[in-house]
Amino acid sequence: MRSSNPVFSRRGFSRDNGYAGFNTAPQAGGAAVGTQASPYAQPQGNPYATNPYAQQDLQQGAPPQAPVSTGRMTMDDVVMRTGTTLGILIVTAALAWALLPVDDANIGRSYGIGIGAALVGMVLALVQSFKRSASPALIVSYAAFEGVFLGVVSSVVDNRIASGAAMQAVIGTLAVFAAVLIAYKAGWIRVNRRFYGFVMAAALGFMLLMVVNLLFAAFGGGDGLGFRSGGLGILFGIIGVLLGACFLALDFKQVEDGIAYGAPREEAWLAAFGLTLTLVWIYMEFLRLIAILNSND
């Protein structure tokens, strides 16, 4: 199964043969015991039933609880891998900010390097998305190149459009992350099939509109259809942040289900990859919103 994110399509905690059976019971030599339906459910049951670390004795109606084992993914693994990818991204962003000036004499070269880094990061992310297993080298490399791009773009907005914009975008991203995590843990956000379908449809429509706007801007000049400037730009920026928040909820659900079903430890890298993609998306939407708001002053 490949679960989509606002930026790239990526593999979830399952095999590539359909939707993952996160909320169907693990099979232990017999038919699965049904539990609450998931948007990722499939007849095969637990996608990790053949994993030696997956739980094999689920009781009727009880949520899955993977056994304690050094071979399965834990929350600590997810936190550590996510911290690693975000740490690398932040370090390379800081280096790009410091070493690639955006004054009138150097902005062209710096922006060119930033765009080049973004394209390399996109290719690396797409390669990882289509791989059947996590590749730490690809994920770490993606974080490094994406950090260079974010450092250059943040420096441009902060130094030439709105002073303090980068810090405001960071604070906004952290606030969204904390709010979604609290709402998810409190049960205010229920990730089910309807939620998944709505988010996928909304994200597809959003991306199609952005592509159309980009094509109009490239061939017609100006701001294209105006989806990224003025009042419409502010509206679509808010929609982009809300979509990012929805994808955070999907990421949390995948992490929770992967841990519950005893996913292999290396899948923690996929969790880190997905969370990093989503956080980058939210940060960029905040940065764009701040730039538009200050341009309209």
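Residues numbered from 1 in each chain as written. Predicted model: local features only at pLDDT ≥ 70, side-chain atom pairs only at ≥ 80, totals over all residues. Heavy atoms only, no water.

**Q** Explain the pattern of salt bridges to me, using residue names and the numbers behind them.
**A** A full pass over the atoms with the stated rule returns five salt bridges. Close ionic contact of Arg81 with Asp77 constitutes a salt bridge, the shortest N to O distance being 3.8 Å. Taken as a pair, Arg81 and Asp77 lie in helix H1 (residues 75-99) at a separation of four residues, close to a single helical turn. On the accessibility criterion, Asp77 (6% relative accessible area) is buried. (Salt bridge = Lys/Arg side-chain N within 4 Å of Asp/Glu carboxyl O. Helix = DSSP H or I, 4+ residues; strand = E, 2+ residues; numbered from the N terminus. Buried < 20%, exposed > 50% of the residue type's maximum accessible area, 1.4 Å probe, protein only.)

**Q** Please provide a residue-by-residue account of helix H7 (residues 267-295), values included.
**A** With 29 residues, H7 extends 42 Å from end C-alpha to end C-alpha; this agrees with the ideal 42 Å at 1.5 Å per step. Burial of H7 is extensive: 25 of the 29 residues sit out of reach of the surface. (Expected span 1.5 Å × (residues − 1).)

**Q** Which residues make up a nonpolar patch on the surface, and what values go with them?
**A** A cluster of nonpolar residues, Met167, Val170, Ile171 and Leu174, forms a patch on the protein surface that exposes about 390 Å² of accessible area. Position of Val170 relative to the elements: it lies in helix H4 (residues 165-185). Judged by its relative accessible area of 34%, Val170 is partly exposed. (Patch = residues over 30% accessible without salt bridge, like charges linked within 9 Å, V, L, I, M, F, W, Y side chains within 5 Å. Areas by Shrake-Rupley, 256 points an atom, 1.4 Å probe, with all protein chains shown as cover.)

**Q** Summarise the packing of aromatic side chains; cite the residues concerned and give the values.
**A** Using the criterion set out here, one finds five aromatic pairs in the structure. Between Phe177 and Phe252, the ring centres sit 5.5 Å apart and the planes meet at 80 degrees, which makes this aromatic pair edge-to-face. Here Phe252 lies in helix H6 (residues 230-260) and Phe177 lies in helix H4, a separation of 75 residues in the sequence. Its relative accessible area of 26% is what places Phe177 among the partly exposed residues. Here Phe206 and Phe236 contribute two aromatic rings whose centre-to-centre distance is 6.1 Å and whose plane-to-plane angle is 40 degrees, an arrangement assigned as tilted. A residue pair is termed long-range when its members are at least 10 positions apart, and Phe206 in helix H5 (residues 193-220) and Phe236 in helix H6 qualify at 30 residues. In terms of burial, Phe206 and Phe236 fall into one category: buried. Of the aromatic side chains, those joined through ring pairs into one cluster are Phe177, Tyr184 and Phe252. (Phe/Tyr/Trp six-rings, centres within 6.5 Å; stacked < 30°, edge-to-face > 60°.)

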